[in-house]
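Topology and contacts: notes
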Amino acid sequence: MQQKTLTAYAPASIGNVSLGFDLLGAALKPIDGSLLGDEVKIELAEQFELKVEGRFADKLPADPASNIVTLCYHHFIQCLAKQGCDVKSLPVVAMTLYKHLPIGSGLGSSASSIVAAFHGLNQFFSTVLGETPFNDSKLLLMMGELEGQISGSVHYDNVAPCFLGGLTLMAEHRDQVALSLPTFKQWYWVSCYSGITVSTAAARAILPKEVPMATTIQFGRQLAVFVDALYRQDEKLAAAMMSDVIAEPYRKSLLPRFDESREFAEKQGALAFGISGSGPSVFAVCDSLEQAIVINQWLADNYIQNDTGFSHICQLDQQGAIIY
Ligand code: HSE
């Protein structure tokens, strides 16, 4: 059957969520309905091509052949071939990436493009082939692999929440890549991008290669207690675990006005404040909309450094990647 044009959308995400370095991630959805994620359109064509449009299109490599979405397409076709599909008989597609998320922002920008590309291709070819080519686990493994090509190491804390939605914990056990965790529906997540660029590879390079025993124990305790508190819906205890003993002490030096922003958010009563992924975006967790509005405005006025920055009041995007 011929597939019609489709578009996949994949939301922005917060990697680490402070307390779960490389292991925890959350998908974001602005409460005002604005789009905070990349889109990938897929349509039938004579030959493969990638077009790039959108606010941040000009920040990507000029040659579409080196764009991550092109790499996703080739990887997808190779994986189909590996599982015995006669790829020469498949229809050819053209793809358009609508690059809405800034690069090097800590919002899971590359993950959003990767997830939209793979999810879109999987849906597109499921109609063509009469069955879904890859299940969610296989698709997540493929997404992680491509994310690794960009950031220099395979970590799923952006691709997993971006694809599955909500709050996800990495399992990375056999084909179980990620687990969906319960959340607090009443929490607001203020997410502010300052407008400067921090590459994930650079933000990883400044971290020590080894972590002291006491820090390791604290990290493990916080993550375990946080997950337990989520299951018991103990909001106060969960929030008390949301600090970063691994990366923030080193990375905050890359983020102008970080300490001041944390101080303001805490004075307003934010439940937690931290770096989104590898920065420069930051997030504040609030249990009231009034508080989130005040913090969002202050960050927009004080944390943003130039006119590419922006700030949104979000809740968790429970849907993850979608097709329309
Ligand atoms: N967990 C990774 C890091 C992802 O902090 O380096 C960044 O989004």
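Residue numbers restart at each chain and count upward from 1, following the sequence in its written direction. With pLDDT at 70 or above as the cut-off, local features in this predicted model cover only qualifying residues; side-chain atom pairs require 80 or more to be listed or tallied, and sums for whole chains, interfaces and linings still use all residues. Excluding hydrogens and water, the side-chain figures rest on all heavy atoms present in the structure.

**Some words on the packing of aromatic side chains**
To keep things clear, this is the line we draw: Between 30 and 60 degrees the pair is tilted, below 30 it is stacked and above 60 it is edge-to-face, where a pair is any two Phe, Tyr or Trp rings, Trp via its six-membered ring, whose centres lie within 6.5 Å. Between buried and exposed lies partly exposed: a residue is buried under 20% and exposed over 50% of the maximum accessible area for its type, with that area taken using a 1.4 Å probe on protein chains only.
What the rule picks out here adds up to 11 aromatic pairs. When the centroid spacing of 5.4 Å and the interplanar angle of 70° are considered together, the rings of Phe124 and Phe125 count as edge-to-face. Across this residue pair, the class does not change: Phe124 and Phe125 are buried. Counting every residue linked through ring pairs, the aromatic cluster contains Phe76, Phe118, Phe124, Phe125 and Phe134.

**Concerning the sheet that holds strand E6 (residues 93-98)**
Condition: Two strands are said to pair when DSSP picks up at least two bridges between them. Helix and strand definitions here come from DSSP, where helices need a minimum of 4 consecutive H or I residues and strands a minimum of 2 consecutive E residues; each element is numbered from the N-terminal end. By the convention used here, residues are in contact when the closest approach between their heavy atoms is within 4.5 Å. Axes here refer to lines fitted to C-alpha atoms; in helices the fit is confined to the stretch in contact. Angles between the N-to-C directions go from 0 to 180 degrees.
Strand order in the open sheet made by the five strands is E5-E6-E4-E1-E13, with mixed pairing throughout. Every interior strand has two partners, whereas the edge strands, strand E5 (49-53) and strand E13 (322-323), have only one. Relative to E13, strand E1 (residues 6-11) is paired through two bridges, and the arrangement is antiparallel. Within the sheet, the bridge partner assigned to Ala8 lies in E13 and is Ile323. Packed onto the sheet, helix H1 (residues 68-82) meets strand E4 (37-44), E5 and E6 and runs at close to 145° relative to E6. Together, E1, E4, E6 and E13 form the strand contacts of helix H2 (residues 109-129), whose direction differs from that of E4 by roughly 30°.

**As for a nonpolar patch on the surface**
The criterion, for reference: In this scheme, patches are assembled from residues that exceed 30% relative accessible area and form no salt bridge. Like charges are connected within 9 Å, while nonpolar side chains (Val, Leu, Ile, Met, Phe, Trp, Tyr) are connected within 5 Å. Surface accessibility in these figures is a Shrake-Rupley result with a 1.4 Å probe; residues are shielded only by whichever protein chains are displayed. Definition used for salt bridges: Asp or Glu carboxyl oxygen within 4 Å of a side-chain nitrogen of Lys or Arg.
A surface patch of nonpolar side chains, amounting to about 240 Å² of accessible area, comprises Ile206, Tyr250 and Leu254. Topologically, Tyr250 is positioned in helix H8 (residues 248-251).

**Observations concerning the side chain of Glu248**
Position of Glu248 relative to the elements: it lies in helix H8. Excluding residues within four positions of it along the chain, Glu248 makes contact with Phe258, Arg262, Phe273, Gly274 and Ile275.

**A few points about the side chain of Asp244**
Worth spelling out the cut-off: Under the convention used here, Asp and Glu are negative, Lys and Arg are positive, and both His and the chain ends fall outside the count. The definition of a polar contact used here is a pair of N or O atoms within 3.5 Å, where within protein one atom must be able to donate a hydrogen and the other to accept one, and adjacent residues in sequence count solely through side-chain atom pairs.
By the secondary structure assignment, Asp244 is in the loop between helix H7 (235-240) and H8. The side chain of Asp244 is buried and forms no salt bridge, while Arg251, the nearest opposite charge, is found at 6.1 Å. Within polar-contact distance, the side chain of Asp244 engages the backbone nitrogen of Ile246 at 2.8 Å. A polar atom in the side chain of Asp244 sits 2.9 Å from the backbone nitrogen of Glu248.

**Quick word on the nonpolar core**
We count it as follows: We call a set of buried Ala, Val, Leu, Ile, Met, Phe, Trp, Tyr and Cys residues a nonpolar core when their side-chain atoms join them within 4.5 Å.
Grouped together as the largest cluster of nonpolar side chains are 45 residues, with contacts concentrated most on Phe76, Met95, Phe118 and Met143. Looking at this core, the elements with two or more residues in it are E1, E4, H1, E6, H2, helix H3 (136-151), helix H4 (159-164) and strand E8 (176-181). At 10 residues, H2 tops the list of elements feeding residues into this core. Phe118 has contacts with Cys72, His75, Phe76, Leu139, Met142, Met143 and Leu146, leaving out every residue within four places of it along the chain. Membership of the second largest hydrophobic core comes to 38 residues, among which are Ala12, Met241, Phe283 and Cys314.

**What to know about the domain arrangement of the protein chain**
To keep things clear, this is the line we draw: An automatic or database domain assignment supplies the residue ranges for each domain. Buried area is a sum: the accessible area each of two parts loses on coming together, probed at 1.4 Å, counted once for each and added. Amino acid classes used here: Ala, Val, Leu, Ile, Met, Phe, Trp, Tyr, Cys and Pro are nonpolar; Asp, Glu, Lys and Arg are charged; the rest, including Gly, are polar.
Domain annotation for the protein chain reports domain 1 (5-181) and domain 2 (188-315). Across the domain 1/domain 2 interface, buried area totals approximately 2900 Å², and carbon plus sulfur atoms make up 66% of it. It is Ser18, Leu19 and Phe21 in domain 1 that bury the most area against domain 2; as a group they hold 24% of the surface buried on that side. Scanning the region where domain 1 abuts domain 2 turns up one salt bridge. Notably, a salt bridge pairs Asp22 with Arg204, separated by 2.7 Å at the nearest N-O pair. In this assembly, domain 1 and domain 2 are joined by 10 residue pairs in polar contact (both at pLDDT 80 or more). At the level of secondary structure, the elements contributing two or more residues to the side of domain 1 that touches domain 2 comprise strand E2 (13-15), strand E3 (24-30), strand E7 (167-173) and E8. Its residues assigned to classes, the side of domain 1 that touches domain 2 shows 18 nonpolar, 13 polar and four charged.

**Regarding the pattern of salt bridges**
Throughout the structure, instances matching the rule amount to 10 salt bridges. Between Asp58 and Lys59 there is a salt bridge whose closest N-O contact spans 3.8 Å. Among the charged side chains, a salt-bridge network with shared partners connects Asp228, Arg232 and Asp234.

**Observations regarding the site of the ligand**
Threshold: Any residue with a non-hydrogen atom lying within 4 Å of a molecule or strand is treated as near it.
Taken together, Asn16, Phe21, Asp22, His155, Asp157, Asn158, Thr200, Arg204, Arg251, Gly277 and Ser278 make up the full set of residues near the ligand. Between the ligand and Asp22, the relevant distance is 2.5 Å, taken from a nitrogen atom to a side-chain nitrogen or oxygen of the residue. A distance of 2.7 Å separates an oxygen atom of the ligand from a polar side-chain atom of Asn158. Protein contact buries 98% of the 260 Å² of open area that the ligand shows by itself. Of the residues in the shell around the ligand, the class split is one nonpolar, six polar and four charged. A domain-level breakdown of the shell around the ligand finds at least three residues from each of domain 1 (5-181) and domain 2 (188-315).

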